[in-house]
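Single-letter residue listing:
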Amino acid sequence: MVGGATLAAGSAALFASTGTSKAASTSAIEEVVAKAQISELRRMYGKATDLLGAGKDHDHFGGDEPLSTEIKHFMARNIYRRIFTEDATISASGGALTGVGPDDWADKVAAALGAFSATQHMLGTQLVTIDEMPDDEGCGGGATMQSYLNALHEFSPGGNIGIYRGTYFDKVRYVPEIGWQIYDMDLRLASWELREHGAAEEG
């Protein structure tokens with residue numbers, strides 16, 4: 001807590017020196033924290049999606065034995081349930097793939113990515129806009145988020161790689177006792193590229 005106390009004290013001193021009220025400084029800090037929490041939802045999504053989509057056991061999570069597909073799918077579903085509301089509307093590629101709620105979307109993603117031998121979802125630019133902060137009782141709160149995507153899909157070990165580039169458009173709300181969750185997601189394709197697999201060296 002020492003680091004947090006130092007940060008808070010430094011922030012308070014900064015706002016005091018600029019003539020900003022304590023209430024305004026607290027509000028600004030809370031908004032920064034909210035944006036970080038909302039951005040984390042999209043990063044968690046990338047990890048969960050690769051747990052559903054990877055055809056090989058590449059995630060050891062610090063252990064010597066690879067995780068089974070069943071365990072990885074169980075982990076992915078729990079992540080989806082954290083980041084999506086139960087009634088979330090979800091679509092990708094102009095509505096070519098749609099779902100409602102985290103479990104339905106997990107089924108759709110697993111089916112769509114199951115044919116690949118490996119996947120990797122990487123995020124680039126992220127922009128979060130807070131429309132409303134939750135009140136002191138944790139009610140209300142809404143935001144939007146845009147996130148660039150660069151996703152690799154390996155068709156077979158050492159085979160061709162499909163590169164999907166697009167943008168996630170998310171609508172987010174604050175849910176009491178849970179936190180920020182995505183209730184509407186739309187993934188829009190920017191480009192698709194097929195590339196030959198290059199030789200890789202471990203090091």
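Structure's up top.
Each value, and the rule that gives it
Residues numbered from 1 in each chain as written. Predicted model: local features only at pLDDT ≥ 70, side-chain atom pairs only at ≥ 80, totals over all residues. Heavy atoms only, no water. Buried < 20%, exposed > 50% of the residue type's maximum accessible area, 1.4 Å probe, protein only. Helix = DSSP H or I, 4+ residues; strand = E, 2+ residues; numbered from the N terminus. Phe/Tyr/Trp six-rings, centres within 6.5 Å; stacked < 30°, edge-to-face > 60°. Lys NZ or Arg CZ within 6 Å of the ring centre and 35° of its normal. Patch = residues over 30% accessible without salt bridge, like charges linked within 9 Å, V, L, I, M, F, W, Y side chains within 5 Å. Areas by Shrake-Rupley, 256 points an atom, 1.4 Å probe, with all protein chains shown as cover. Salt bridge = Lys/Arg side-chain N within 4 Å of Asp/Glu carboxyl O. Lys, Arg positive; Asp, Glu negative; His and termini not counted. Charge placed at Lys NZ, Arg CZ, Asp CG, Glu CD. Polar contact = N/O pair within 3.5 Å; in protein donor to acceptor, adjacent residues only side chain to side chain. Pairing = 2+ DSSP bridges.

Asker: Explain unusual backbone geometry here, please?
Answerer: In most cases, non-glycine residues show a negative phi, while peptide bonds are predominantly trans. Positive phi values are uncommon outside glycine, yet S93 reaches one of about 55°. Residue class for S93 comes out partly exposed when judged on its relative accessible area of 33%. With phi around 70°, E177 is a residue other than glycine that occupies positive phi space. In this structure, E177 sits in the loop between strand 5 (161-175) and strand 6 (179-195).

Asker: I keep staring at the packing of aromatic side chains and nothing clicks. Help me out?
Answerer: For any pair of aromatic rings, the description consists of the separation of the ring centres together with the inter-plane angle of the planes. Here the structure, examined in full by the defined rule, presents 6 aromatic pairs. Between Y45 and Y168, the ring centres sit 5.6 Å apart and the planes meet at 75°, which makes this aromatic pair edge-to-face. With Y45 in helix 2 (residues 22-53) and Y168 in strand 5, this residue pair connects regions lying 123 residues apart in the sequence. Taken together, a centroid distance of 5.1 Å and an interplanar angle of 65° make the contact between F116 and F155 edge-to-face. Within this pair, whereas F116 is found in the loop between helix 4 (102-113) and strand 3 (118-132), its partner F155 is found in the loop between strand 4 (142-154) and strand 5, the two being separated by 39 residues in sequence. Take F155: its relative accessible area is 39%, and that puts it in the partly exposed class. Members of the aromatic cluster, connected to one another through ring pairs, are Y45, Y80, F84 and Y168. Lying over the aromatic face of Y45, R42 brings its terminal NZ or CZ to 4.6 Å of the ring centre.

Asker: What am I meant to see in a nonpolar patch on the surface here?
Answerer: Nonpolar side chains collect at one region of the surface, where F155, L189, W192 and L194 lie side by side and expose about 420 Å² of accessible area between them. Following the sequence through the fold, L189 ends up in strand 6. Its relative accessible area of 46% is what places L189 among the partly exposed residues.

Asker: Even after reading the chapter, I still don't get a negative patch on the surface, so can you show me in this structure?
Answerer: Taken together, the side chains of E30, D131, E132, D135, D136 and E137 present a region of like negative charge at the surface. For E132, the position within the fold is in strand 3. Under the relative-accessibility criterion, E132 is labelled partly exposed at 47%.

Asker: Looking at this model, I keep getting lost on the pattern of salt bridges. Mind explaining?
Answerer: If charged atoms from side chains of opposite charge come close, those side chains can pair. Here the structure, examined in full by the defined rule, presents 11 salt bridges. Put simply, D107 and R77 hold a salt bridge, and the shortest N to O gap is 2.3 Å. With D107 in helix 4 and R77 in helix 3 (residues 69-83), this pair connects stretches of sequence that are 30 residues apart.

Asker: In this structure, what is going on with the side chain of S117? I would like to understand it.
Answerer: Note on placement: S117 falls in the loop between helix 4 and strand 3. Judged by relative accessible area, which is 10%, S117 ranks as buried. Polar contacts involving the side chain of S117 include one to the side chain of E154, which spans 2.5 Å. Reaching out from S117, the side chain makes a polar contact with the backbone nitrogen of S156 at a distance of 3.5 Å.

Asker: Can you walk me through the pairing of strand 5 in this structure?
Answerer: The side chains of a regular strand alternate, residue by residue, between the two faces of the sheet. Alignment of strand 4 against strand 5, held across 13 bridges, turns out to be antiparallel. Bridge pairing in strand 5 links L152 to I163. Hairpin connection between strand 4 and strand 5: a loop of 6 residues separates the two successive antiparallel strands, and G158 in this loop has a positive phi of roughly 80°. Relative to strand 6, strand 5 is paired through 15 bridges, and the arrangement is antiparallel. When the sheet's bridge partners are listed, K171 is paired in strand 6 with D184. Connecting the antiparallel pair strand 5 and strand 6 is a turn made up of 3 residues, with E177 showing a positive phi of about 70°.

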